[in-house]
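# Residue-level structural notes
Here is how the chains run, residue by residue.
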Amino acid sequence: MGMLKLIEWKSDSRDTIVYRVDLEKDYITKGSKLTVREGQACVFCDKGRMADVFLPGMYTLGTDNVPLLTKLMSWKYGFESPFKSDVYFVNTRQFTGEKWGTKNPIIIRDADYGAVRVRAFGTYAFKVDDPYVFLTEISGAVSSFRSSEITEYLRSMAVTRISDIIGESKVPVLDMAGNLVEFGEQVQKGLDEAFKKIGLTVTQFNFENFSLPEALEKALDESTSLGILGKNMNVYTQKAQADALVNASKNPGTAGGMMGAGIGMGMGVGMGNMFMNMASGMSGGAQGAKAGSATCPSCGAAMAPGAKFCPECGAPAGRVCPKCGAVVKASGARFCPECGASLEAACPKCGAKVKAGAKFCPECGEKLK
C-alpha cells in the first residue's frame with residue numbers, strides 16, 4: 001500500500017463544485033500534509049459521515065486537528081496510523097453568469113391593461129457558504145459534483161421566488177423596467193434564505209429584461225405613434241400636402257392631373273373659407289359699430305357714443321336744463337339730474353306745458369325764448 005504524504009487539489013476546473021480524492025490504493029499516515037488553497041475547503045469523512053472541515057491553509061494531520069474523525073473511528077488512544085478516509089475538496093469561489101428565465105409567462109394584474117402575461121430573464125451568481133451542509137444535503141458521497149448538476153434546481157427555486165415577488169409588487173408593467181435593481185435585491189434576499197438550507201449563498205441576482213406579449217407591445221407602439229402625431233398634426237398635414245404636390249408634378253398623366261386638381265380644389269376651398277371668415281369678421285365689426293353709435297335728434301348726423309352735442313349742427317344730444325344747461329339724455333326725465341330743476345315749462349301765450357329746449361309751443365305755435 002502507498003502512504004499518502006501530501007493531500008491537495010490542483011485542478012483549475014471552473015465548474016466543479018466538489019472533488020473527491022482517490023484513496024483507493026493509498027493510506028493516510030500520521031504527519032501527512034494537507035494543503036487547502038484559497039477558494040477551497042476540505043472535508044474528511046468516514047463511511048459517508050461528514051467529519052472535520054479544513055479552511056485554506058497548510059496542515060500536518062494529527063489527533064488535534066481531526067477530532068471528529070478520531071471520534072467516528074473510535075480511536076481510543078489518539079491518532080492511529082495508517083488509516084483510510086474519504087477526503088472531499090469543495091470549491092468555495094463564486095459561480096457567476098448563471099442564467100435564469102421564466103419558461104412560462106407570469107400572469108399579473110395591471111391597473112391599465114388588466115391581466116398581462118410577463119416573462120423575465122437575467123443572471124445570478126452563487127457560492128458554497130457551508131461545505132459541511134452542502135456535502136450533507138446535496139452532493140453526498142459522489143466522486144465529483146459539477147455546477148450544471150444543481151443549476152436547474154437553483155433556477156426553479158429562483159423562478160418560484162420571482163413569480164411571487166412580481167405578483168405581490170403591483171408595479172405597473174410600464175414601470176417594471178425602472179425597478180430592475182429593486183426586483184433583483186428582493187429576489188436575492190428571499191433566495192438567500194432558501195439557499196442557506198443547502199449550504200449555498202446568493203452573491204448576486206440580476207434582472208436583464210421583462211418581455212411583454214407581442215400584441216401589447218404592438219398596441220403600445222401604436223399608442224406612442226398616435227401621441228407624437230397628435231402633438232404635431234399641423235406639421236405632418238402640411239408636409240403631406242407638400243409631398244403630394246411634388247409627387248403630382250412628377251406625374252403628368254391623368255392620375256397626376258386629377259390629384260393636382262383635387263389638391264387645387266382643397267386649397268381653393270381653404271382660401272374661400274378664409275375670405276368668408278374675414279368678411280364675416282368685418283361685417284360683424286360694422287354691425288357692432290353701428291349698434292354702438294348714436295344719431296343727432298336735429299340733423300340725423302352720426303354721433304360718437306357718449307357725445308353731448310352734435311359735431312355737425314351743435315344741437316344737444318338730449319334735452320337741456322333751463323337752469324344749469326346740463327344735457328339730459330333720459331327722454332322721460334322730469335327733473336334735471338344735475339341741479340334738480342324742473343324740465344317742464346309753460347307757454348307764455350296759452351299756458352300749455354312745453355319741454356325744455358323747445359323753440360315753439362306745441363299748442364299755439366308761439367315762439368319761445
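For the structure itself, look to the data block above.
Throughout what follows, the structure given in this document is the object of discussion. These figures come from a predicted structure and were not determined experimentally.

## Digging into the environment of V187
By the element assignment, V187 lies in helix α4 (residues 180-196). A residue is classified by how much of its surface remains accessible, and V187, at 0% relative accessible area, is buried. C-alpha of V187 to C-alpha of I166: the two residues are 21 residues apart in sequence and 9.4 Å apart in space. Filtering out sequence-adjacent residues up to four positions away, V187 remains in contact with R161, I162, I165, F205 and F207.

## Focus: a nonpolar patch on the surface
Taken together, V53, L55 and Y132 make up a surface patch of nonpolar side chains, about 260 Å² in accessible area. By the secondary structure assignment, V53 is in strand β5 (residues 49-54).

## Some words on the packing of aromatic side chains
Per the counting criterion, the structure on display carries 14 aromatic pairs. Ring centres 5.2 Å apart and planes at 20° place the aromatic pair W100 and F205 in the stacked group. One end of the pair, W100, is in strand β8 (residues 95-101); the other, F205, is in strand β12 (residues 200-211), and 105 residues separate them in sequence. For the pair W100 and F205, a shared accessibility class is recorded, and that class is buried. The rings of F95, W100, Y124, F126, F183, F205, F207 and F210 are connected pair by pair, giving a single aromatic cluster. Here R93 stacks its cationic end above the ring of F95, 4.6 Å away from the centre of that ring.

## Quick word on the packing of helix α3 (residues 148-169) against α4
When two helices pack together, their arrangement is captured by the angle between the axes and the distance separating the axes. At a minimum axis separation of 9 Å, α3 and α4 run at an interaxial angle of 130°. The angle between α3 and α4 falls in the class oblique. In this structure, α3 meets α4 at a crossing whose hand is right-handed. In this structure, α3 uses L154, M157, A158, R161, I162, I165, I166 and S169 to contact α4, whose residues at the interface are F183, Q186, V187, G190, L191, A194 and F195. Broken down by class, the residue content of the contact of α3 with α4 amounts to 11 nonpolar, 3 polar and 1 charged.

## Some thoughts on the nonpolar core
Ranked by internal contacts, the top residues of the largest apolar core, which has 41 residues, are F205 and F207. Leaving out residues up to four positions away in the same chain, F207 has contacts with W100, A120, F121, I162, I166, L180, F183, G184 and V187. Of all hydrophobic cores here, the second largest spans 18 residues; its members include W9, V21, F54 and F89.

Conventions and cut-offs
- Residues numbered from 1 in each chain as written.
- Predicted model: local features only at pLDDT ≥ 70, side-chain atom pairs only at ≥ 80, totals over all residues.
- Heavy atoms only, no water.
- Helix = DSSP H or I, 4+ residues; strand = E, 2+ residues; numbered from the N terminus.
- Buried < 20%, exposed > 50% of the residue type's maximum accessible area, 1.4 Å probe, protein only.
- Contact = heavy atoms within 4.5 Å.
- Patch = residues over 30% accessible without salt bridge, like charges linked within 9 Å, V, L, I, M, F, W, Y side chains within 5 Å.
- Areas by Shrake-Rupley, 256 points an atom, 1.4 Å probe, with all protein chains shown as cover.
- Salt bridge = Lys/Arg side-chain N within 4 Å of Asp/Glu carboxyl O.
- Phe/Tyr/Trp six-rings, centres within 6.5 Å; stacked < 30°, edge-to-face > 60°.
- Lys NZ or Arg CZ within 6 Å of the ring centre and 35° of its normal.
- Axes fitted to C-alpha atoms, helices over the stretch in contact; angles between N-to-C directions.
- Parallel < 35°, antiparallel > 145°, perpendicular 65-115°, else oblique.
- Left-handed = near helix turned anticlockwise from the far one by under 90°.
- Nonpolar A, V, L, I, M, F, W, Y, C, P; charged D, E, K, R; others polar.
- Core = buried A, V, L, I, M, F, W, Y, C linked by side-chain atoms within 4.5 Å.

These results come straight from atomic positions and should not be treated as a statement about function.
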